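# Tertiary structure, described
Each chain, letter by letter, is given below.
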Amino acid sequence: MKQMQVDRFEEGFAVLIDEEEQIHNVPKDFFGFVLHAGDILMVETEGGKPVSARFLEKETEESKARAAELMRKLRRRP
């Protein structure tokens, strides 16, 4: 199992980035839930292909909070 983040969507695919910064293109209809850019998922793979995915709410909220704080700091810089 690998933790991955939804980077963006392209032509019916969710573009996921794992912890090693590897890119994975997964059909959006693979997921049984709505995805948003920035969402963190736990993805199980077999033979390099995803077989299951679970949304990680706590990790997603923490990641988005870190990004928002960074943006606030950047906006305050002269």
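Here's what I pulled together on the structure shown here. (Residues numbered from 1 in each chain as written. Predicted model: local features only at pLDDT ≥ 70, side-chain atom pairs only at ≥ 80, totals over all residues. Heavy atoms only, no water.)

## A word on the overall build of the protein
Looking only at helices and strands, the protein features one helix and five strands. Across the protein, helices and strands are ordered from the amino to the carboxyl terminus as β-β-β-β-β-α. Expressed as a percentage of its 78 residues, the buried residues of the protein come to 23%. Relative to all contacts within the protein whose residues are 6 or more apart in sequence, the contacts with residues 24 or more apart total 31%. Put simply, the protein shows about 5800 Å² of open surface, and 50% of that area lies on carbon and sulfur atoms. (Helix = DSSP H or I, 4+ residues; strand = E, 2+ residues; numbered from the N terminus. Buried < 20%, exposed > 50% of the residue type's maximum accessible area, 1.4 Å probe, protein only. Contact = heavy atoms within 4.5 Å. Areas by Shrake-Rupley, 256 points an atom, 1.4 Å probe, with all protein chains shown as cover.)

## As for the pattern of salt bridges
Evaluation of the coordinates by the stated rule reveals seven salt bridges. Of the charged contacts, one joins Asp7 and Arg8 as a salt bridge, the two residues approaching to 2.3 Å between their closest N and O atoms. We classify Asp7 as partly exposed; its relative accessible area is 35%. In this structure Arg8 comes out as partly exposed when scored by relative accessible area, which is 32%. Between Glu69 and Arg76 there is a salt bridge, with the nearest N and O atoms lying 4.0 Å from each other. When salt bridges with common partners are traced through the structure, they connect Lys2, Asp18 and Glu20 into a single cluster. (Salt bridge = Lys/Arg side-chain N within 4 Å of Asp/Glu carboxyl O.)

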